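Understanding the architecture of this molecule
So you can see what is in the structure, the chains are spelled out below.
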Amino acid sequence: MNRRISILWLALVIAGCSSSPQATTASNPAALPAASSGQANPLLDPKSSAMNQPAPATYKAVFSTSKGDFTLEIHREWAPKGADRFYNLVKNHFFDDVRFFRVLRSPVPFMAQFGINGNPEISAKWEEAEIEDDPVQEHNTRGMISFATAGPNTRTTQVFINYADNSRLDSSGFAPFGRVIAGMDVVDSLYADYGEGAPDGRGPDQFRISMEGNAYLMRDFAQLDYVKTTRIEE
């Protein structure tokens, strides 16, 4: 999973930035989200029809977090494959109880990254559930959201919200599919003191998040902010 951020880290270094994302929860980090009507949990099957519905042309995704709410407006025409993947993840509550594990605001504002599920069983199912690239049509400017990638056609579930004008990422294939239209102050306030992740910094190790889930983060990085719930507004 560490490979997922390699290009973003490279872009940070090229830009001359150093590698310098408060949460408590009573939830069970190992519990699977409940499935309705006795049906199998769709989050355990990335190939299921429930996880592969086409998104509306435009929709809003509301994130309730430990710091407050923010709203994303998603435009399918900007990046259809990315917009569809995000729609299904939000609709099926993949991001519920997920930590903002890589929030970089120092020495210069960069981005807030999240999207590794807190349940290792679910995380493992999505490790290779990659989608093809979308052509980059918009720019990675402040408030825009894009998928993290480890190279061509490797997007899965990790996304990041830009804190600044990071248009330099456009040429590396990071295709924005939406933007924050309300609550950017909440995104700006996400806990950032852990800084860059391991092994380059003292923040969370992505591989250990994938393998150990929220149990690891709650024990060793208890101040991370997190998503409480999400919902789609079409």
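Here, the structure is the one placed above.
The text that follows walks through the structure, step by step, so that each part is easy to find. Sequence order as written defines residue numbering, which begins from 1 separately in each chain. Per-residue local features are limited, in this predicted model, to residues with pLDDT of at least 70; the limit for side-chain atom pairs, both in listing and counting, is 80 or more; totals at the level of whole chains, interfaces and linings are taken over all residues. Only hydrogens and water are set aside; all other atoms, that is, all heavy atoms of the structure, feed into the side-chain values.

1. Considering the overall build of the chain
As a reminder of what qualifies: Only DSSP runs of H or I covering at least 4 residues are called helices, and only runs of E covering at least 2 are called strands; the numbering of each starts at the N terminus. Each accessible area is a Shrake-Rupley result for a 1.4 Å probe, and residues are judged covered by the shown protein chains and nothing else.
A tally of helices and strands in the chain yields six helices and eight strands. Shown N-terminal to C-terminal, the secondary structure of the chain runs as helices and strands in the order α-β-β-α-β-β-α-β-β-β-α-α-α-β. Summed over its atoms, the accessible surface of the chain is roughly 9700 Å², and 51% of this surface lies on carbon and sulfur atoms.

2. Considering the environment of T230
Counted only if it meets this: Contacts are assigned to residue pairs with any non-hydrogen atoms lying within 4.5 Å of each other. Polar contacts here mean pairs of N or O atoms no more than 3.5 Å apart (in protein, one a potential hydrogen donor and the other a potential acceptor; neighbouring residues in sequence count only if both atoms are side-chain atoms).
The topology assignment puts T230 in strand β8 (residues 227-233). Separated by 134 residues in sequence, T230 and D96 have C-alpha atoms that sit 6.5 Å apart. Setting aside residues no more than four positions away along its own chain, T230 makes contact with V62, F63, V90, H93, F95 and D96. Among the polar contacts made by the side chain of T230, one reaches the main-chain carbonyl oxygen of V90 at a distance of 3.2 Å.

3. So, helix α2 (residues 80-91)
Note the following rule: Each helix should span, by expectation, one fewer than its residue count multiplied by 1.5 Å. When accessible area is computed with a 1.4 Å probe and restricted to protein chains, residues below 20% of their type maximum are described as buried, those above 50% as exposed, and intermediate ones as partly exposed.
For α2, spanning 12 residues, the distance from its first C-alpha to its last is 16 Å, which sits close to the expected 16 Å at 1.5 Å a residue. The element α2 is largely enclosed, with a buried count of nine among its 12 residues. Those residues of α2 that sit buried are G82, A83, D84, R85, F86, Y87, N88, L89 and V90. Of the surrounding elements, those touching the buried residues of α2 are β1 (58-65), β2 (68-75), α3 (120-126), β5 (144-147), β6 (159-162) and β8. Positive backbone phi, at 65°, marks H93, one or two positions downstream of α2.

4. Considerations on the pattern of salt bridges
Condition: Here, a salt bridge means any Lys or Arg side-chain nitrogen found within 4 Å of an Asp or Glu carboxyl oxygen.
Enumeration according to the criterion identifies 11 salt bridges in this entry. Note that R142 and D188 form a salt bridge whose closest N and O atoms lie 2.6 Å from each other. Taken together, the residues span a long stretch of sequence, with R142 in the loop between α3 and β5 and D188 in helix α4 (residues 184-188) at a distance of 46 residues. Look at R142 and you get partly exposed, because its relative accessible area is 44%. The exposure class of D188 is partly exposed, given its relative accessible area of 25%. The shortest N-O distance in the salt bridge between D220 and R219 comes to 3.2 Å.

5. Points about unusual backbone geometry
Backbone torsion omega between S106 and P107 reads 10°, so that peptide bond is classified as cis. Residue A198 is joined to P199 through a cis peptide bond whose omega torsion reads 10°. A positive phi angle, near 65°, is found at H93, a position not held by glycine. On the secondary structure map, H93 appears in the loop between α2 and β3 (102-104).

6. Things to note about the environment of H93
Of the residues examined, H93 reaches a relative accessible area of 34% and is grouped as partly exposed. A distance of 3.1 Å separates a polar atom in the side chain of H93 from a polar atom in the side chain of D96. A distance of 3.5 Å separates the side chain of H93 from the backbone oxygen of T230, its partner in a polar contact.

7. Here's the deal with the packing of aromatic side chains
Note the following rule: Each Phe, Tyr or Trp ring, with Trp reduced to its six-membered ring, pairs with another whose centre is within 6.5 Å; inter-plane angles below 30 degrees give stacked pairs, above 60 give edge-to-face pairs, and intermediate values give tilted ones.
One pass over the full model with this rule turns up 17 aromatic pairs. Measuring from ring centre to ring centre gives 5.8 Å for F63 and F114, while their planes differ by 75°; the resulting arrangement is edge-to-face. Here F114 lies in strand β4 (residues 111-114) and F63 lies in strand β1, a separation of 51 residues in the sequence. In this structure, F63 and F114 share a single accessibility class: buried. With a centroid separation of 5.4 Å and 85° between ring planes, the pair formed by F94 and F95 is classed as edge-to-face.

8. Some remarks on the pairing of β1
Spelled out, the test is: In this scheme, strands are said to pair when DSSP sees at least two bridges between them.
Burial runs high along β1: six of the eight residues are buried. In this structure, β1 lies alongside β2, joined through eight bridges in antiparallel fashion. Considered in β2, the bridge of K60 is made with E73. Taking the residues between adjacent antiparallel strands as the criterion, β1 and β2 are bridged by two residues.

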